[in-house]
Each structure stands twice: as structure tokens, then as C-alpha cells.
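Here is what each chain is made of, one letter per residue.
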Amino acid sequence: MNEFVRATLETVYMVLTSSIISVVIGLPLGVLLILVRPEGLRPKPNLYRAIDVTINVLRSIPFMILMIVVFPLSRLLVGRATGTTATIVPLAILAIPFVARIMEQSFLEVDYGVLEAGLASGATIGQLVRTVLIPEALPALVNGVTITIINIIGNSAMAGAIGGGGLGDLAIRYGLYRRNSLNLFVAVAITIAFVQIVQFLGRLIENRLRRDGTSPAL
Amino acid sequence: MCVIRVEHLRKSFLLDKTAIHAVDDVSFSVDEGEVFGLIGLSGAGKSTLVRCLNLLERPDSGEIWFDGLNLVEQDDSVLREKRCRMGIIFQHFNLFMRKTVWENVAYPLRIAGQRTKEIIPRVEELLDYIGLSAHARSYPAELSGGQQQRVGIARALAMNPRLLLSDEATSALDPVNTELVLSMLRKVVDDLGIAVILITHQMEVAKALCDRIAVMENGKIVEENTVEELFLRPRHAVTRRMIRGFDEDIPLEHFADLTSAPVYRLGFRSQTVTRPLISDISRRFNVDANILAGNINALVGGDVGYLVVSFEGEEEAVCGALSSLHEDGVEILKLEPGNGQNNGVGLHAKEEVR
């Protein structure tokens, strides 16, 4: 039973840390994308195309392969290539482009006229982002973060297969390899519970934010 | 005193590799306490023009003089400062949907870095002015369109602007709310004496509020005059079309095709609009006046009307009748047959045969 507690804590640690890192880097990237879009407020079509292609490339690499490819980077950043802390590196690297894209899509939902109203009130681009763009898109942003965390939970389970630790590791080593279906079942059940809790909390926060009477996004 | 002066403003876009001249050599100026209407059909370039005025769109060339500066030459920090002195209200209100009514009105003040202590009395004063103090904590989505536009007006007035830009502000509203918003704008002009540039495609809206109107077509101002003069002597076909309204689809010139007798558009000022001038000349000069169309418009400066009349009788008698009308201050415009845009199938068929 001790093993399960340890694995659960490992998963929480991996998922939380990589989620925070991916949002901290992905959100500004999303803002940058929306500003430099060809029809954005500060259009830089070449820069946009470069980031756009990079995101698409990163998003098409399967997680298992990316994890192995970034082994050297993990070793450089955290001192080793396997283990819970090391796994945070590929988890975050895969989630950053996802977050950037999903934030960009959320920002696109903000009516251009509302941004115009902000600019006409004398706002700088920085003020506009902080006081209009992000607040107006917030419910959609929260929804995006929820999806990101759930994706990371899925990937972290996969990371267990190549020494990543956490519930995925437990499910494979104690469940699959030892042919112990109870262990396998419990590990998977905890992972499912995680996803449910994150989805529930995400929706709760989003609905609270939508109390302004604006209709929820589909 | 002149609030804004625009000189030879141009702005064009590339659309499918062809240049669209959305604003084409436009010049005008607006004085303090004056409501200046920019009217035209959709696509005439009105909205692009208004976005050029506060530099949300950068014009290709031309000058915009406001607060003693040519805005086109200013850098971003000066522009932001000047934009506060130029409020704008929009067709779709463009309120911040996730901010309360109170925060919407406070927004320009916060952006300008004012302290909450200074902001509170100003916002309360503005909410009181638009009559929505009770809705301070509501969100825009909980308000009707007319109420939302009033919040838009309060937000636009927050920084004590010298000029208010109104971009189709009533186009998305029903007639009752249109009326409410227009009377609010009228009140703003009367109370604050600021200048207003009113962009609309509805002549009804323009005539209810404007002192002077410019008619736009294909990015150009084709005609500009005081409202009364514009209704009395519309020189351009688009103007005559807009005065008649969209439900009446036939251009005035069409009436000239109906009869072989000469057809005139007679414009009546407020002083002559109630006098029985037509039956008077009919008796005195022995001409038959056949009234084909007519209208009276209530304007800010008084009622103005027009009649489309064909005169039958001796040429000399018709001449005498016309000069008598002219002496009474009636504006006379002869309508030539075949000038209309919808002359019907007959004319086109003839052209094809040729």
C-alpha cells in the first residue's frame, strides 16, 4: 500500500510541476502568437510562421520518442535522465506548444471590437493584454488549462514505462509485469480519479467565471 | 472653435490584389458643439474613416489636426493620450463582457493611471448621467441593447473628450432604443458642448441629430452641407436616394420618365413648407400641377419638405409659375428623364439593340 501512496505523490508532483511550467511558458507564447498573427495587432508574419511550424512539429512527435530524444536535456537540467524529476522535462516540453496553441485559440474568441474599445480608451498593447485580452478570455483559458493537465496525466502514465516513476510505473511494474490485476486495476483507478477531479474542478472554476451571463463556449 | 480638421485623408486596402480606396481624399472639419454626420451606404468607407480619425487604422496619407497636433505624425505615446480626448461608441457596443458596468465605465480612467479615490466619484457621476446607477454591479450581458449603448456612451465620456465618434451607434437597436440613445447623444452635445462625428447609413438618424451632413460614396465625400440645405437642394443622386429612404426604391429621376411634361423637384424651407404655394400658382398662372411624390422631414433647425411636380400648360405660364416659386424661396431642380439608376427594362433593351 505504501507503494501506491508513493506513486500517487510522484504523479501529483510530476503533473503539477510540468503543468505550471507549461502554462508559465505557454501562456506568453500564446499571447505572442495572437499579437504577431498576420491579422493581429502587431503583425509579424515571418515570426508567426516560424513559431507556428515549430509548434506543429513538436506536437506531432509521439511522447515516448520525445522523452528519449530529450534525455540529454533532462540530464543537463536535473542531473539525470530517468526518474520523476527528470520526466518533468519532456512532459513540459510536450505541453508547452499545446498550451500555446490552446491559448491562441481562446484569445481568438475575444471579439476584435472589444480590443479596439480598449485601444481607443488609450491602452498600450501590454495594458490591453493584461486588462482586456486575458480577463475576457479567462473562462476559455481555464478550460484550456484543464485539458492540458489531463493530457499531462495521460503522458505521465506513459512515462512510467521507461523509468518515469509515478502511477504509470507502478501499473506496469507491479501490475503488468507481475501479472497482478488488482495492482493494475488500483493504479488505473487512481489515475481515472485524478482525471475526474481535475475535470470537475476545472469546470467548477470555469462556471464561476462565467457568472457574468456570457454564454459558455462549446 | 474647430475641434478636428481632416485634410486630404487617404486609406486603401489590397483585396485580392486590387486596391480598394476605402477613404479617398477626404477633407472636412467639425466645430465645438456641432454634430457632423457622415452618411453613406454600406461599403462607402465610413467605418474606415472613423478608424483613421483615432488612428486605430493608419491612413496612407493626409493630415488629421486635433488638439493642435497633426495626429498622423505623432508617435504611439502621444496618440494614446489623444485617443482619450476622442471618445468612441460602436455599433455592437464593444463593452468588456467580463467587467461590470461600473468597471467598464472606470476602464479609461484606470488605464490613464488615476487613483481609485478619484475614479469612484467620476464613475458614479457618469452612471447617474446615463441613468444606470442601479445597474452598476450588473454585467453587460444582463442589460438591453439600449442600456449597453448608454454604458458605451458613459465609457466614451469618462475622460472628458472634446470629440465623440459614433460608429453606427444605433444600427443594432430597435426603434425605441434608437430613440433613447439619440436623445442621450443630443443631451450630451447640449450639456457638454463637445463635437460629435456621427456615422450612419440611416438618414432618419442623421436628420434627428446632425447640424451638418457629408454624404460619402466610394470613399469620397460627394456632398456636404447643413442638414436643411441638404434636404432642400440635394445635388447628388446618392443624397436624393438617401433622403427618400430605402423603402421607396425608385430614384427621383424615374418620375421624369413617367410624363412628357417637365418634372421638377421643389424644395421647401421651414418658412414655406406650410403655405399653399402650388394651388396658388396653379390659379394665378393657369398651369396644371401634377404632384407625383412628396415628403416632409422634421430637422433640428425646422421642417423641410419637397414635392415632385410636373407642370402642364403654356411654356410662358410654366416659366412664370417657376419664377414666382423661386421668389417665394422654393428651391427648384429640374429632373431630366433617363438619369435614374433604375430606368427599367425598356432603356437597357434599347441600348442592347444599338
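Cut-offs and rules
Residues numbered from 1 in each chain as written. Chains lettered and ligands numbered in written order. Predicted model: local features only at pLDDT ≥ 70, side-chain atom pairs only at ≥ 80, totals over all residues. Heavy atoms only, no water. Helix = DSSP H or I, 4+ residues; strand = E, 2+ residues; numbered from the N terminus. Buried < 20%, exposed > 50% of the residue type's maximum accessible area, 1.4 Å probe, protein only. Areas by Shrake-Rupley, 256 points an atom, 1.4 Å probe, with all protein chains shown as cover. Lys, Arg positive; Asp, Glu negative; His and termini not counted. Charge placed at Lys NZ, Arg CZ, Asp CG, Glu CD. Domains from an automatic or database assignment. Buried area = accessible area lost by both parts, 1.4 Å probe. Salt bridge = Lys/Arg side-chain N within 4 Å of Asp/Glu carboxyl O. Polar contact = N/O pair within 3.5 Å; in protein donor to acceptor, adjacent residues only side chain to side chain. Nonpolar A, V, L, I, M, F, W, Y, C, P; charged D, E, K, R; others polar. Pairing = 2+ DSSP bridges. Right-handed = clockwise from strand over helix to strand, strands pointing away. Phe/Tyr/Trp six-rings, centres within 6.5 Å; stacked < 30°, edge-to-face > 60°. Lys NZ or Arg CZ within 6 Å of the ring centre and 35° of its normal. Contact = heavy atoms within 4.5 Å.

## A short note on the overall build of chain B
Counting its secondary structure elements, chain B contains 13 helices and 14 strands. Considering only C-alpha atoms, chain B reaches an extent of 80 × 50 × 40 Å along its principal axes. Buried positions account for 52% of the 354 residues belonging to chain B. For chain B, the accessible surface area stands at approximately 16100 Å², while carbon and sulfur atoms represent 48% of it. Side-chain charges of chain B comprise 39 positive and 52 negative groups, with the mean position of each set lying 7 Å from the other.

## Looking at unusual backbone geometry
Residue and element names in this part refer to chain B. Even without glycine at this site, K17 takes up a positive phi of about 70 degrees. Relative to the helices and strands, K17 resides in the loop between β1 (2-15) and β2 (18-31). Notably, N286 is not glycine yet its phi reads approximately 60 degrees, a positive angle. Classification of N286 as exposed rests on a relative accessible area of 66%.

## Digging into the domain arrangement of chain B
Residues and elements named next belong to chain B. According to the domain assignment, chain B consists of domain 1 (2-229) and domain 2 (237-352). Between domain 1 and domain 2, the C-alpha centre-to-centre distance is 36 Å. Together, the buried faces of domain 1 and domain 2 total about 1300 Å²; carbon and sulfur atoms form 64% of this surface. Among the residues of domain 1 in contact with domain 2, M203, K207 and E228 are the three that bury the most area, contributing 44% of the side total. Close ionic contact of R269 with E229 constitutes a salt bridge, the shortest N to O distance being 3.1 Å. In this structure, the connection of domain 1 to domain 2 is made through two residue pairs in polar contact (both at pLDDT 80 or more). Mapped onto the side of domain 1 that touches domain 2, the elements with two or more residues apiece are β3 (35-40), α7 (203-209), β9 (212-217) and α8 (227-232). Grouping the constituent residues of the side of domain 1 that touches domain 2 by class yields eight nonpolar, two polar and seven charged.

## Digging into the pairing of strand β8 (residues 195-200) of chain B
Note on strand geometry: in a regular strand, side chains alternate between the two faces of the sheet. Residue and element names in this part refer to chain B. Counting buried positions along β8 yields six of six residues, so the element is predominantly enclosed. Of the two faces of β8, both are covered, the one formed by A195, I197 and I199 as well as the one formed by V196, L198 and T200. One ladder, built from five bridges, connects β3 with β8; its direction is parallel. Bridging from a neighbouring strand, G37 pairs with L198 of β8. Bridging between strand β7 (residues 163-167) and β8 involves five bridges; their strand directions are parallel. The partner of L163 across the bridge, within β8, is A195. This β-α-β element, β7 to helix α6 (residues 175-192) to β8, shows right-handed connectivity.

## Topic: the packing of aromatic side chains
Residues and elements named next belong to chain B. By the definition in use, this model includes three aromatic pairs over all chains. With 4.5 Å between their ring centres and 55 degrees between their planes, F96 and Y107 make a pair best called tilted. Of this pair, F96 sits in the loop between β6 (86-89) and α3 (101-111) while Y107 sits in helix α3, and the two are 11 residues apart along the sequence. Residue classification places F96 among the buried residues on the basis of a relative accessible area of 0%. Taken together, a centroid distance of 5.9 Å and an interplanar angle of 45 degrees make the contact between Y264 and F311 tilted. Of this pair, Y264 sits in strand β11 (residues 263-268) while F311 sits in strand β13 (residues 302-312), and the two are 47 residues apart along the sequence. F311 shares its class with Y264; the two are buried. Above the face of the F96 ring, K99 is positioned so that its terminal group lies 5.8 Å from the ring centre. The aromatic ring of F96 is capped on one face by R155, whose charged end is 4.8 Å from the ring centroid.

## Let's talk about the interface of chain B and chain A
Taken residue by residue, the interface counts 22 residues in chain B and 25 residues in chain A. With both sides pooled, the region where chain B packs onto chain A buries about 2000 Å², and carbon together with sulfur makes up 56% of that total. In this structure, R51 of chain B and E116 of chain A form a salt bridge, with 2.8 Å as the shortest nitrogen-oxygen distance. Viewed at the interface, chain A and chain B are joined by nine residue pairs in polar contact (both at pLDDT 80 or more).

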